[in-house]
Amino acid sequence: MSKTKRRPATAGEIKAKAEQAEALLRLERATLERKHLRRLALGDYRSAKQSRLRQGGGAAGGEGKTASGAWHLDAQTARLLRRDAQRLARNNPLGRALIGRLVDFVIGRGHSPQATTASKTWNDQAERVWAEWAEGAGLDEALELLYRGALVDGDCALLMLDDGGVQVIEADQITTPGSGGGTVISKAVVVKAGDKTGGEPGNVINAGVEMTPTGTVVAIHVAEWEGDGSKLSATTRRILCGADGPALLLRRRTRASQVRGEPLLAATVDTFEHLERYTEAVVVAARMAACSGAAIKTEYPAMTQASMLGVTSEPNSRGQQQRALTWEPGMVWHLRPGESLEQVRPEQPTGEFSDFVRTLIRIAGTDSGLPLEVCLLDFSQANFHSSRSAMGVMYRFVEREQKRLQRDVLAPLYRWVMRRAVAGGQLLASVQQLRHRWMAPGRPVLDPQAEVAAAMAAVDGNLRTKEDVVAEMSGADFATVAERRAAERKLEESLGIQPPTTPGAGVLGGAPAAPVPAAGDAGAAGGAA
């Protein structure tokens, strides 16, 4: 008997079998990984157990992987987050509003330094030098752009120039040497002697930030925009940071191991997209319903269809001929037997539309530190107590942001300006010339009468100082306010203007209350006979 020869397998069959074997291998590997994780989670924490709905992703997505902040927020990931955040800041009204609100609250009318040396004359001169320099350098606009860039992109830098000016460096410009022209180097680069990075040998350059082996930032590597600004130059320049350099880096880090900052909207991009798509779908549905003005219901469709053949045609929005009925205000319809006219009632938006949208906005605002009323600028559904409580909680976030801005940018900038003023002969050298503090913009006052009364009561009860109250409500210095008030009263007295007497006036204004004599003093009410 002759043996039957086997037909050789085709390339497609071989590929199919290989894919089947690979799929079985992946399934077996996943099963082993789950069993291994269950064996590792021996404690009594339920969240440590892996389930079907909560399984950690692999290294491809990074989800569920325990790694450093720099690993999760590498250069490529940071670039993609910046792209999405910038798109929201450009095109999404709510995204623009969140960024704008925080810039208004944190930057406001500007931060003012107060020199705190022992010499009042030197302090006044130093504050005058700062004010003149800030106006000439355009500091207000630079700070607004710097902080806005840190919110949108996660970080931003301010460069102190040799001519006394300042320059804002965008986050996209801070890049590892060799990353220009659309190429992104995600991994950290160890600087070696003689290489083209220009860094200090032994340091590490990660996403354009050069650090010592212990993680101290020493420099940033900056590329310039080329041509029309669509791509970065392939060459970079190394700019020192810290006490030895002119670059001030403002980063929004959430972990100590992060190198680059995290955009404010990084965790809410999906929420914004859901809100945008849902709103768009509701608007489209409402427009579709509005396009259908009325419907003619009939028991004789053939007769109605035949009557429509005589209706005139008009071009629609696409230029195509379409039969149309003429509608006019107060029009009377003559219907045939068996016909009825019904107006189309749109079902969108539904009654839950507003509540659902407000819920999504509340979720997005919570991560940004802003309450719903501030996000929408709508206080119609909030009373004074709830509004004041929301503003108080929000200002915990705002004050932290202000302190970070003062620590990382404004304080080094003030020291730089003072040293330049002393070197240029504008100020006399002093051992205390760098001593100062910052006055942030005051909080919004929702109910002036109630809040001033509460502040006066707190001062009278020794719970707060006048200095704290004035700084919080107006962002000014109490000593300056007191000097100006004294000058105003002196001017009023010289003109014969009597200050109004306010019943129950406290320590912040009006005539002081008469002192109450102690028991046993002469003239005391009910004294000894």
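Remember, it's a predicted structure, so these values are computed and weren't measured experimentally.

A. Molecular detail of the overall build of the protein chain. Assigned secondary structure in the protein chain consists of 14 helices and 16 strands. The buried share among the 529 residues of the protein chain stands at 32%. Put simply, 62% of the contacts in the protein chain that link residues at least 6 apart link residues at least 24 apart. Of the roughly 33900 Å² that the protein chain leaves accessible, carbon and sulfur atoms contribute 54%.

B. Region of the structure containing helix 4 (residues 93-106). Between the first and last C-alpha of helix 4 there are 20 Å, a value that for 14 residues agrees with the 20 Å anticipated at 1.5 Å per step. Burial analysis of helix 4 places 11 of its 14 residues in the buried class, which makes it a mostly covered element. Contacts made by the buried residues of helix 4 are with helix 3 (75-91), helix 6 (139-153), helix 7 (269-291), helix 9 (353-368), helix 10 (372-376) and helix 11 (384-423). Its side-chain oxygen placed 2.9 Å from the backbone nitrogen of Leu94, Asn92 serves as the N-cap of helix 4. Directly beyond the C-terminal end of helix 4, a positive phi value near 55° is found at Gly108.

C. The arrangement of the side chain of Glu373 in detail. Here Glu373 lies in helix 10. If sequence neighbours within four positions are ignored, Glu373 has contacts with Asp378, Phe379 and Ala382.

D. Quick peek at the packing of helix 4 against helix 6. Closest axis-to-axis distance for the helix 4/helix 6 pair is 10 Å, and the angle between their directions is 135°. One finds that helix 4 runs oblique with respect to helix 6. Of the two possible hands of crossing, helix 4 and helix 6 adopt the one that is right-handed. Counting all contacts with helix 4, which are made through Ile99, Gly100, Leu102, Val103 and Val106, the residues of helix 6 involved are Glu144, Tyr147, Arg148, Leu151 and Val152. Of the residues that constitute the contact of helix 4 with helix 6, the class distribution is seven nonpolar, one polar and two charged.

E. Looking closely at the sheet that holds strand 11 (residues 247-251). Pairing is antiparallel in the open sheet, where three strands are placed in the order 3-2-11. In this open sheet, the two strands that pair with only one neighbour each are strand 3 (166-169) and strand 11. The average angle at which neighbouring strand axes cross in this sheet is 20°, direction not considered. Along the sheet face, helix 6 touches strand 2 (155-160), strand 3 and strand 11 and points at about 150° away from the line of strand 2. Of the strands in this sheet, strand 2, strand 3 and strand 11 are in contact with helix 11, which crosses strand 11 at around 170°.

F. How the structure looks around helix 9. End to end, helix 9 covers 23 Å across 16 residues, agreeing with the expected 22 Å (1.5 Å per residue, within 8%). Within helix 9, the full set of buried residues consists of Phe353, Val357, Arg358, Leu360, Ile361, Ala364, Gly365 and Ser368. One face of helix 9 carries all of its buried residues, which in axial projection span an arc of 160°. Across helix 9 from its buried face, at more than 90 degrees, point the exposed residues Asp355 and Thr366. Along its buried surface, helix 9 packs onto helix 4, helix 7, helix 10 and helix 11.

G. How the structure looks around the confidence of the model for the protein chain. For the protein chain, the mean per-residue pLDDT works out to 82, and 83% of the residues sit at or above 70. Below a pLDDT of 50 lies the segment residues 506-516, which in the model reaches 11 contacts outside its immediate sequence neighbourhood of four places, other chains included.

H. Structural context of the sheet that holds strand 7 (residues 217-222). If you walk across this open sheet you meet the five strands as 4-5-6-7-10, and the pairing is antiparallel. Two strands bound the open sheet, and with one partner strand each, they are strand 4 (189-190) and strand 10 (237-240). Across two bridges, the pairing between strand 4 and strand 5 (residues 204-206) is antiparallel. Bridge pairing in strand 5 places Val189 opposite Ile205.

I. Representation of unusual backbone geometry. Located in the positive-phi region is Ala207, a residue other than glycine, with phi close to 55°. With respect to the element layout, Ala207 can be found in the loop between strand 5 and strand 6 (209-211). Although it is not a glycine, Leu377 sits at a positive phi angle of roughly 55°. Assignment of secondary structure puts Leu377 in the loop between helix 10 and helix 11. Classification of Leu377 as exposed rests on a relative accessible area of 57%.

J. Quick peek at the packing of aromatic side chains. Across all of its chains, the model carries eight aromatic pairs by this definition. Considering the side-chain rings of Trp130 and Trp438, the 5.4 Å spacing of their centres and the 75° angle between planes classify their relative orientation as edge-to-face. A residue pair is termed long-range when its members are at least 10 positions apart, and Trp130 in helix 5 (residues 120-137) and Trp438 in strand 16 (residues 436-439) qualify at 308 residues. Classification of Trp130 as buried rests on a relative accessible area of 5%. Through successive ring pairs, a cluster of aromatic residues spans Trp130, Trp133, Tyr414, Trp416 and Trp438.

K. Geometry of the pattern of salt bridges. With the rule as written, the count across this model stands at 18 salt bridges. Between Arg87 and Glu273 there is a salt bridge, and its shortest N-O distance comes to 3.4 Å. Linking Arg87 in helix 3 with Glu273 in helix 7, this pair joins segments that are 186 residues apart in sequence. For Arg87, a relative accessible area of 25% translates into the label partly exposed. Given a relative accessible area of 22%, Glu273 falls into the partly exposed group. When the shortest N-O distance is used, the salt bridge between Asp408 and Arg407 registers 2.8 Å. The exposure class of Arg407 is exposed, given its relative accessible area of 53%. Put simply, Arg437, Glu467 and Asp477 are held in one network by salt bridges that share partners.

L. Expanded view of the nonpolar core. By size, the foremost hydrophobic cluster in this structure holds 64 residues, and its most contacted members are Trp130, Trp133, Leu413 and Met418. In terms of residue count, the dominant contributor to this core is helix 11 (15 residues). What Met418 contacts, discounting residues up to four positions off in sequence, is Trp122, Ala126, Val129, Trp130, Leu427, Gln433 and Leu434. In this structure, Met211, Val222, Ile239 and Val259 belong to the second largest nonpolar core, which totals 14 residues.

What counts, and where the lines are drawn
Residues numbered from 1 in each chain as written. Predicted model: local features only at pLDDT ≥ 70, side-chain atom pairs only at ≥ 80, totals over all residues. Heavy atoms only, no water. Helix = DSSP H or I, 4+ residues; strand = E, 2+ residues; numbered from the N terminus. Buried < 20%, exposed > 50% of the residue type's maximum accessible area, 1.4 Å probe, protein only. Contact = heavy atoms within 4.5 Å. Areas by Shrake-Rupley, 256 points an atom, 1.4 Å probe, with all protein chains shown as cover. Expected span 1.5 Å × (residues − 1). Polar contact = N/O pair within 3.5 Å; in protein donor to acceptor, adjacent residues only side chain to side chain. Axes fitted to C-alpha atoms, helices over the stretch in contact; angles between N-to-C directions. Parallel < 35°, antiparallel > 145°, perpendicular 65-115°, else oblique. Left-handed = near helix turned anticlockwise from the far one by under 90°. Nonpolar A, V, L, I, M, F, W, Y, C, P; charged D, E, K, R; others polar. Pairing = 2+ DSSP bridges. Arc of directions from axis to C-beta. pLDDT = per-residue confidence, 0-100. Phe/Tyr/Trp six-rings, centres within 6.5 Å; stacked < 30°, edge-to-face > 60°. Salt bridge = Lys/Arg side-chain N within 4 Å of Asp/Glu carboxyl O. Core = buried A, V, L, I, M, F, W, Y, C linked by side-chain atoms within 4.5 Å.

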